[in-house]
Amino acid sequence: MAPLSTRLLFQRGRPKSDRLGKIRSLDLSGLNLLSEDLDLNLLGRLKQLQELDLSDNQLETLPADLGLPHLHVLHCANNQLSDVTPLCQFPQLEELSLEGNPFLTVSDSLKVTFLLPELRKFNGKDVSTTRSKAENLNRELTTRVRMISEELVASGGTHAREADMPEGPHKATATQEPRARPVALRRPGDTPLSLFPQKRVCTSPLAPVEGSLVGSDSSQLEPLHFLQCHSKNNSPSDLRTQLWACAFEPAWDEGQAGATSQTVATCGGEAVCVIDCQTGIVLHKYKVPGEEFFSVAWTTLTVVTQTGHKKRWNVLAAAGLRGLVRLLHVQAGFCCGLIRGHKKAIATLCFSPTHETHLFTASYDKRIILWDIGTPNQDYEFQASHLLTLDTTSTPLRLCPVAPCPDTYLLAGCEGGCCCWDVRLDQPQKRRVCEVEFVFSEGSEASGQRVDGLAFVNEDVVASKGSSLGTICLWSWSQTWQGRGSQPTVAVVVLARLQWSPTILAYFSLSTCPDKGLVLCGDEQGSVWIYDVRPLLAQRSPPQAAPQAPTQILKWPQPQALGQTVTKTMVNTVVANPTFTYLTALTDSNIVAIWRRGEP
């Protein structure tokens, strides 16, 4: 695309005029414009411009000073924007569209509200009703961050150092369909995994917390470690790096009953960390400058060594902003596989529970892809193959293979609801649309609303969470599926509803601990809600009208219990290992919190 010209502005401006200063509306959409194509001198002459459409271009950022003081409407949908800060130059902006920018996060959406005091419509929705609540939240968060910052400075936190490790084999590129390379992929290369000494915000004294679990697991959960291992440049003052997901490593002693792992992988910012929950030591850290990792998942492969012996080997998959999947050899310290298949960022991924090499990836390009990553060769190089493409009508947020038939159906919680696909590989179609949409006709979720939490509690019961009314829904897969018939939309058979935080915020991910019958979810107050649903599901009675209270609410430890180092913060992700020995929570202030269950 040639640079902007005066002639182009006259052609696309309204009303028609021979002077740029009289143009009030300008359409520059669909021109494949880059950020450097926005000529500040030329655009600065549009002194009366009130509406600007920059949609469907390749903009990575907006210039800091466009010189448009009277701009009221701005459309920037379907670009590559990663920062909303430059929008503060438009204090009179009333309407803004940023849909289809895969690198913008939930935090950016909230940030827009504070940057633009006159904003009335954002992405086609009225924001005036939520502004006061968001402003109250902003004041509270500002206070929290100030307290954390002051305490971290006072504690004199030490910088952790990274030890160099030898470069691994060349990264293998997966086989794939031809596709356009995303504009965002312009960053430096990877740095290898490295041994990483522990970097601890605080190792707390083992102080009891509020509440205890009932039944056979009535022991206390004790705060053990609070780590700040995802900071940029290892800076203790970094309280902005967003942590997104964590997953416990499969147990090595797979032949022993009750075997479990105390190693957890966490992701956020440009790093993936592997942490020993008992000691708080960061065993490995993998960094990709310019990346932001959104999701991690483990699988255990059977590989044949050069001597012909078979062994089990845990592989960690990580993905995020760049739309790439990296297969990490954690112990050896290198990335041994790179999968390209999505045009936008990858929101989440998960492995099949029955096929160790089958990997589902879900992207902001509104596609879910099933891959077979295969087994590595003797040089630990992967050659992945593309098995299926599942089309969605909205962004997929959570993936969940259906527990009783994971080779047949896949559930996904999406921005537009809960959907199900047939994933049988013996069917001829390799590209499929949603087969069934599940709706929640009453209570927390309604048809077409976001489902941002999804997990099986046991072989039949699904826990799901939407963005309204502060409840978690437990519903029966088998009963719902039996009543489906041939309908494309089916109301779920609700078994119970669980009381949760009434927050207006979304994207707090729930998880389950099936062996213990537990449902876990964090909230905006720094609490972890824990539900033992076994007694509830054993009642075999119609669901009660009132949501069931949690079995325990795990409160964020008080500053005095943590050496005046950590204050209350948002907990957006909570995961426990299968035996519920360790619980890991990720916060919005760049802290990994680890709890341990003591002896009964």
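Residues numbered from 1 in each chain as written. Predicted model: local features only at pLDDT ≥ 70, side-chain atom pairs only at ≥ 80, totals over all residues. Heavy atoms only, no water.

## Some remarks on the overall build of the protein chain
For the protein chain, the count of helices and strands is six helices and 39 strands. Relative to its 600 residues, the protein chain shows a buried fraction of 55%. Sequence-distant contacts, at least 24 apart, represent 56% of the contacts inside the protein chain between residues at least 6 apart. As displayed, the protein chain has an accessible area near 25200 Å², and 50% of this comes from carbon and sulfur atoms. (Helix = DSSP H or I, 4+ residues; strand = E, 2+ residues; numbered from the N terminus. Buried < 20%, exposed > 50% of the residue type's maximum accessible area, 1.4 Å probe, protein only. Contact = heavy atoms within 4.5 Å. Areas by Shrake-Rupley, 256 points an atom, 1.4 Å probe, with all protein chains shown as cover.)

## Observations regarding the pattern of salt bridges
Counted according to the given criterion, the structure contains 12 salt bridges. In this structure, the salt-bridge partner of Glu 118 is Arg 120, at a minimum N-O distance of 3.8 Å. Take Arg 120: its relative accessible area is 40%, and that puts it in the partly exposed class. In this structure, Arg 534 engages Asp 532 in a salt bridge whose closest nitrogen and oxygen atoms are separated by 2.8 Å. Each member of the salt-bridge network shares a partner with another, and the members are Asp 422, Arg 424 and Arg 432. (Salt bridge = Lys/Arg side-chain N within 4 Å of Asp/Glu carboxyl O.)

## Observations concerning the nonpolar core
In terms of nonpolar packing, the biggest core is built from 36 residues, with Leu 74, Leu 87, Leu 96 and Leu 98 touching the most fellow members. Every element with two or more residues in this core is listed here: α1 (6-12) and α2 (40-43). Once residues lying within four places of it in the same chain are set aside, the contact partners of Leu 87 are Leu 62, Leu 74, Leu 96, Leu 98, Val 112 and Leu 116. (Core = buried A, V, L, I, M, F, W, Y, C linked by side-chain atoms within 4.5 Å.)

## Description of the pairing of strand β28 (residues 451-456)
Burial analysis of β28 places six of its six residues in the buried class, which makes it a mostly covered element. Across five bridges, β28 lies against strand β29 (residues 461-466) in antiparallel orientation. Among the inter-strand pairings, Gly 453 is bridged to a residue of β29, identified as Lys 465. Connecting the antiparallel pair β28 and β29 is a turn made up of four residues. (Pairing = 2+ DSSP bridges.)

## Considering the sheet that holds strand β35 (residues 528-532)
Read across the sheet, four strands follow the order β33-β34-β35-β36 without closing on themselves; strand pairing throughout is antiparallel. With one partner strand each, in any of the chains shown, β33 (510-513) and β36 (552-554) form the two edges of the open sheet. The average angle at which neighbouring strand axes cross in this sheet is 20 degrees, direction not considered. With three bridges connecting them, β35 and β36 associate as antiparallel partners. (Axes fitted to C-alpha atoms, helices over the stretch in contact; angles between N-to-C directions.)

## Observations regarding the packing of aromatic side chains
Taken as a whole and assessed by the stated rule, the structure comprises 12 aromatic pairs. Arranged with centres 5.9 Å apart and planes meeting at 70 degrees, the rings of Phe 438 and Trp 477 form a pair that is edge-to-face. A residue pair is termed long-range when its members are at least 10 positions apart, and Phe 438 in strand β27 (residues 436-439) and Trp 477 in helix α5 (residues 477-482) qualify at 39 residues. Neither Phe 438 nor Trp 477 differs from the other in exposure class; each is buried. (Phe/Tyr/Trp six-rings, centres within 6.5 Å; stacked < 30°, edge-to-face > 60°.)

## Digging into the sheet that holds strand β21 (residues 367-372)
Strand order in the open sheet made by the five strands is β19-β20-β21-β22-β26, with mixed pairing throughout. Across the chains shown, the open sheet's two edge strands, defined by having one partner strand only, are β19 (346-351) and β26 (431-432). Bridge count between strand β20 (residues 358-363) and β21: five bridges; the pairing is antiparallel. Each residue of the ladder has a partner; that of Thr 361, found in β21, is Ile 369.

## Some remarks on the confidence of the model for the protein chain
Confidence along the protein chain averages 81 in pLDDT terms, with 78% of residues attaining 70 or more. Considering only residues more than four positions removed or in separate chains, one finds that residues 155-212, a stretch of pLDDT under 50, has 166 contacts. Low pLDDT (under 50) marks residues 254-258, which in the prediction has two contacts with non-local residues, meaning those over four places away or in another chain. (pLDDT = per-residue confidence, 0-100.)

## Quick look at the pairing of strand β13 (residues 271-276)
β13 sits mainly inside the fold: six of its six residues count as buried. Along β13, one buried face is formed by Ala 271, Cys 273 and Ile 275 and the opposite face, lined by Val 272, Val 274 and Asp 276, is buried too. Where strand β12 (residues 263-268) lies against β13, six bridges are found, and the strand directions are antiparallel. Among the inter-strand pairings, Thr 266 is bridged to a residue of β13, identified as Cys 273. In this antiparallel pair of consecutive strands, β12 and β13, the connection spans two residues, and Gly 269 shows a positive phi of 60 degrees. When β13 meets strand β14 (residues 282-287), the two strands line up antiparallel, connected through five bridges. Note on β14: the bridge partner recorded for Ile 275 is Val 282. Once β13 ends, the chain turns through five residues before running back antiparallel as β14, passing Gly 280 with a positive phi of about 80 degrees.

## A look at the side chain of Asp 37
Residue position: Asp 37 is located in the loop between β2 (25-27) and α2. Asp 37 has contacts with Leu 4 and Asn 32, leaving out every residue within four places of it along the chain.

## Details of the environment of Leu 316
Secondary-structure assignment places Leu 316 in strand β16 (residues 310-320). Spatially, the C-alpha atom of Leu 316 lies 9.8 Å from that of Val 274, the residues being 42 residues apart in sequence. Those residues in contact with Leu 316 that lie beyond four places of it in its chain are Ala 265, Val 272, Val 274, Val 296, Ala 297, Trp 298, Arg 326, Leu 327, Leu 328 and Val 330.

## Overview of the side chain of Glu 292
Assignment of secondary structure puts Glu 292 in the loop between β14 and β15 (293-304). Lacking a salt bridge, the buried Glu 292 has Lys 232 as its closest oppositely charged neighbour, with an N-O distance of 7.9 Å. Here Trp 244 takes part through its side chain, which lies 2.9 Å from a polar atom of the side chain of Glu 292. Setting aside residues up to four positions removed in sequence, Glu 292 forms contacts with Gln 242, Trp 244, Gly 269, Gly 320 and Leu 321. (Lys, Arg positive; Asp, Glu negative; His and termini not counted. Polar contact = N/O pair within 3.5 Å; in protein donor to acceptor, adjacent residues only side chain to side chain.)

## Looking at the environment of Ser 511
Here Ser 511 is to be found in strand β33. Ser 511 gets classed as buried once you look at its relative accessible area, which sits at 10%. In this structure, the C-alpha to C-alpha distance between Ser 511 and Cys 521, residues 10 residues apart in sequence, is 6.6 Å. If we skip the residues at most four places from it in the chain, Ser 511 touches Leu 518, Val 519, Leu 520, Val 574 and Val 575. Within the structure, Ser 511 has its side chain in polar contact with the backbone oxygen of Val 574 (distance 2.6 Å).

## Some remarks on unusual backbone geometry
The peptide bond linking Arg 14 to Pro 15 adopts the cis configuration, its omega dihedral lying at -5 degrees. You can see Pro 15 is positioned in the loop between β1 (13-14) and β2.

## Topic: the state of the cysteines
Considering all chains together, one arrives at zero disulfides under this definition. As a non-bridged cysteine, Cys 277 has Cys 246 as the owner of its nearest cysteine sulfur, 8.9 Å distant. Of all cysteine sulfurs in the structure, the one in Cys 418 sits closest to Cys 473, which takes part in no disulfide; the separation is 9.8 Å. Residue classification places Cys 473 among the buried positions, given a relative accessible area of 0%. (Disulfide = S-S within 2.5 Å.)

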